[in-house]
Amino acid sequence: MNRGSIAGRGLCYPRIWQCSSRKRIIAPMLLALCILTFIFCIKALRTFIIPTDYIARSRMSFHSKMTLKKVLDSGAGNEVHEDIKSDDYLRRQYFIKYTELKQRQLLTAYPEKSSCLEEKSPAVPCYDTTCTTPLSRDQNYSINSLLSTTHHARMTMLNPLQDLTANLKYTHVTIVAASSQNHFLEVQGMIKSLHENIFPKFKNISFYFYDMGLTRHQLFQLQEYCRCKVINFPFHLMPGAVSNIRCFTWKPLIVHAHLPKTDILIWADASVRFTSPENDDLFNDVMNKGLLGGLPDRFFRPVAHNTALQMFQYFQIEPCSVAQFQEVEANFLAFQNQPFIRDLIVETWAACALDPNCMCPEGTLNMHHCDYNVRKYAKCHRFDQSTMNLIMLKLFQENYSSFSFSQKYYAIKRSNKVNYFDFLDEKENLRANKSKNV
């Protein structure tokens, strides 16, 4: 077939200039139409066949396979922003996470305890054989129950800290801490260990410190030597009774406000000391599981003893059903910014903080002290810590301790006072005097 016959059929190839003017117009239009149709098909496939949350999860899975140091040094981020989701979305995220953990064999069984009739120590967790309302192990019932009891609180929650963090830069690791004036020397020990064991090793880390009532001199020293961004906690924006600093409602709200701005968020109380040179293993663990809390090596402090009866009623859990579980401490927490953790766990935790019937119900401010010589349910209350324990017990039951780590990465040194800032101040003065004498 000659080229003239090809042009005669309207294809105008390869000598398109020999076609009629009408065909010269039609050919480019057909080409453009084909390209637009191709683009539309690709977008349709991505929208209807590959859900957005699957793409986000794939990104998360990719990062979870990398060591933290590689993630930090590479600058490869995975910033994810989600609005409050429906119950159906949260239910789906729960089963996605539960299935993933099960398939990867990351769910570990909680160690069996002796019965409370045999256990002699009153402060040790034990199995209550007289309990007639055991904790349900039905995953459908567990997630539906949690979503039902917290639905109103989640839907009406408005974090007063949200505006303070809206314009913060996205980083791969964020460390958050807070202190009032009575813990200022103790928190300097935490900051010193952070400067020595974390900052020199990792890049792209943000450190935010909340002023919970420091003196003017303390605030000056903090701003001078902390190597952090200091934020004044807005107690005046907190509603009603939950504004009391002793309710600890501020901790979940700080975590909730900062988590969308980072890949990994670490909460550190004043008593925390970063000790291990292998902290990248800690961060790898949280990338795998999504959430980690401190489980002390000693078996002590049952959840059933250290949680107020009002909170048990709020979450529809009987104290006797969790008598065998030791509480996971909230002094050192690690969170990954993923839908299950961000939109379900932390959202529920923060919503409970703002609900006057949940984290700090009436009468619980007098329940800080625990008598460990008495075996009694709901004898004291741990506020933010109790809330996180009940949320995780509700969702994971016997696999509850899967989200904990031992203290090989850190140490807890309560009341350990360190004059770190005074030391840095003296060091700076000596350096200045030397330069003057030269």
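Conventions we followed
Residues numbered from 1 in each chain as written. Predicted model: local features only at pLDDT ≥ 70, side-chain atom pairs only at ≥ 80, totals over all residues. Heavy atoms only, no water. pLDDT = per-residue confidence, 0-100. Contact = heavy atoms within 4.5 Å. Axes fitted to C-alpha atoms, helices over the stretch in contact; angles between N-to-C directions. Helix = DSSP H or I, 4+ residues; strand = E, 2+ residues; numbered from the N terminus. Parallel < 35°, antiparallel > 145°, perpendicular 65-115°, else oblique. Left-handed = near helix turned anticlockwise from the far one by under 90°. Nonpolar A, V, L, I, M, F, W, Y, C, P; charged D, E, K, R; others polar. Disulfide = S-S within 2.5 Å. Buried < 20%, exposed > 50% of the residue type's maximum accessible area, 1.4 Å probe, protein only. Expected span 1.5 Å × (residues − 1). Patch = residues over 30% accessible without salt bridge, like charges linked within 9 Å, V, L, I, M, F, W, Y side chains within 5 Å. Areas by Shrake-Rupley, 256 points an atom, 1.4 Å probe, with all protein chains shown as cover. Salt bridge = Lys/Arg side-chain N within 4 Å of Asp/Glu carboxyl O. Lys, Arg positive; Asp, Glu negative; His and termini not counted. Charge placed at Lys NZ, Arg CZ, Asp CG, Glu CD. Pairing = 2+ DSSP bridges. Right-handed = clockwise from strand over helix to strand, strands pointing away. Phe/Tyr/Trp six-rings, centres within 6.5 Å; stacked < 30°, edge-to-face > 60°.

**Side note on the confidence of the model for the protein**
Thought 1: Across the protein, pLDDT averages 82, with 77% of residues at or above 70.
Thought 2: Segment residues 1–20: pLDDT under 50, and 18 contacts once partners within four positions in sequence are set aside and those in other chains are kept.
Thought 3: Between residues 44–83, whose pLDDT stays under 50, and residues either more than four places distant or in other chains, the model counts 60 contacts.

**A short note on the packing of helix α6 (residues 139–156) against helix α13 (residues 339–354)**
Thought 1: Across the interface, α6 lies against α13 with an axial gap of 9 Å and an inter-helix angle of 50°. Looking at the two axes, α6 sits oblique to α13. Here α6 runs over α13; the crossing is left-handed. Every residue of α13 that contacts α6 at Ile143, Leu146, Leu147, Thr150, Ala153 and Arg154 is listed here: Leu344, Glu347, Thr348 and Ala351.
Thought 2: Residue composition of the contact of α6 with α13, by class: six nonpolar, two polar and two charged.

**Quick word on the state of the cysteines**
Thought 1: Enumeration according to the criterion identifies six disulfides in this entry.
Thought 2: For Cys247, the disulfide goes to Cys360, at an S-S distance of 2.0 Å. For the disulfide bridge between Cys247 and Cys360, the dihedral angle about the S-S bond is near -50°, and by the sign convention the bridge is left-handed. A residue pair is termed long-range when its members are at least 10 positions apart, and Cys247 in the loop between β3 (229–232) and α10 (250–258) and Cys360 in the loop between α13 and α14 (384–396) qualify at 113 residues. With respect to class, Cys247 is no different from Cys360; both count as buried.
Thought 3: One disulfide in the model links Cys370 with Cys380; its S-S distance is 1.5 Å. Highlighted residues: Cys370 in the loop between α13 and α14 and Cys380 in the loop between α13 and α14, separated in sequence by 10 residues. Summarising the burial analysis for this pair, Cys370 and Cys380 share the class buried.

**Some details on unusual backbone geometry**
Thought 1: Although it is not a glycine, Gln105 adopts a positive phi angle of roughly 55°.
Thought 2: You can see Gln105 is positioned in the loop between α5 (87–103) and α6.
Thought 3: With relative accessibility at 70%, the residue Gln105 sits in the exposed group.
Thought 4: A positive phi is found at Arg227, a non-glycine position, where the angle reads about 60°.
Thought 5: Summarising the element assignment, Arg227 is placed in the loop between α9 (216–225) and β3.

**Side note on α14**
Thought 1: Counted at 1.5 Å a residue, the expected span for α14 with its 13 residues is 18 Å, and the 18 Å between its end C-alpha atoms agrees.
Thought 2: With respect to burial, α14 is a largely interior element, 13 of its 13 residues being buried.
Thought 3: Phi turns positive, to about 45°, at Gln397, one or two residues after α14.

**With respect to the packing of α5 against α6**
Thought 1: The interhelical angle for the contact between α5 and α6, taken along N-to-C directions, is 140°, at an axis separation of 10 Å. Relative to α6, the element α5 lies oblique. Crossing hand, α5 versus α6: right-handed. Residues Asp87, Leu90, Arg91, Tyr94, Phe95 and Tyr98 of α5 touch α6, and the partners they reach there are Gln139, Asn140, Ile143, Asn144, Leu147, His151 and Arg154.

**Some points on a negative patch on the surface**
Thought 1: On the surface, a cluster of negative charge is contributed by Glu224, Asp422, Asp425 and Glu426.
Thought 2: Under the relative-accessibility criterion, Glu224 is labelled partly exposed at 49%.

**Topic: the pattern of salt bridges**
Thought 1: Within this structure, the stated rule accounts for 11 salt bridges.
Thought 2: Residue Asp88 is joined to Arg91 by a salt bridge in which the shortest nitrogen-to-oxygen separation is 2.8 Å. Remark: Arg91 and Asp88 occur in helix α5; sequence separation between them is three residues, near one turn of the helix.
Thought 3: What makes Asp88 exposed here is its relative accessible area of 56%.
Thought 4: Note on Arg91: relative accessible area 24%, which makes it partly exposed.
Thought 5: The closest approach of N and O atoms between Glu100 and Arg104, which form a salt bridge, is 3.2 Å.
Thought 6: When its relative accessible area of 38% is taken as the criterion, Arg104 is described as partly exposed.
Thought 7: One salt-bridge network, held together by shared partners, links Lys97, Glu100 and Arg104.

**Focus: the pairing of strand β2 (residues 205–211)**
Each regular strand shows side chains that alternate between the opposite faces of the sheet.
Thought 1: β2 sits mainly inside the fold: six of its seven residues count as buried.
Thought 2: Examined bridge by bridge, strand β1 (residues 171–179) and β2 share seven bridges and lie parallel to one another. Bridge pairing in β2 places Ser179 opposite Asp211.
Thought 3: Handedness of the crossover is the feature at issue here: the chain leaves β1, passes through helix α8 (residues 184–197), returns alongside β2, and the resulting connection is right-handed.

**Section: the packing of aromatic side chains**
Thought 1: Tallying each qualifying case throughout the model produces 25 aromatic pairs.
Thought 2: Their ring planes at 25° and their centres at 6.1 Å tell us that Tyr98 and Phe396 sit as a pair that is stacked. Of the two residues, Tyr98 sits in helix α5 while Phe396 sits in helix α14, which places them 298 residues apart along the sequence. Take Tyr98 and Phe396: they sit in the same class, and that class is buried.
Thought 3: Consider the rings of Tyr110 and Tyr400, whose centres lie 6.5 Å apart with planes at 55°: the pair is tilted. Of this pair, Tyr110 sits in the loop between α5 and α6 while Tyr400 sits in the loop between α14 and β8 (404–405), and the two are 290 residues apart along the sequence.

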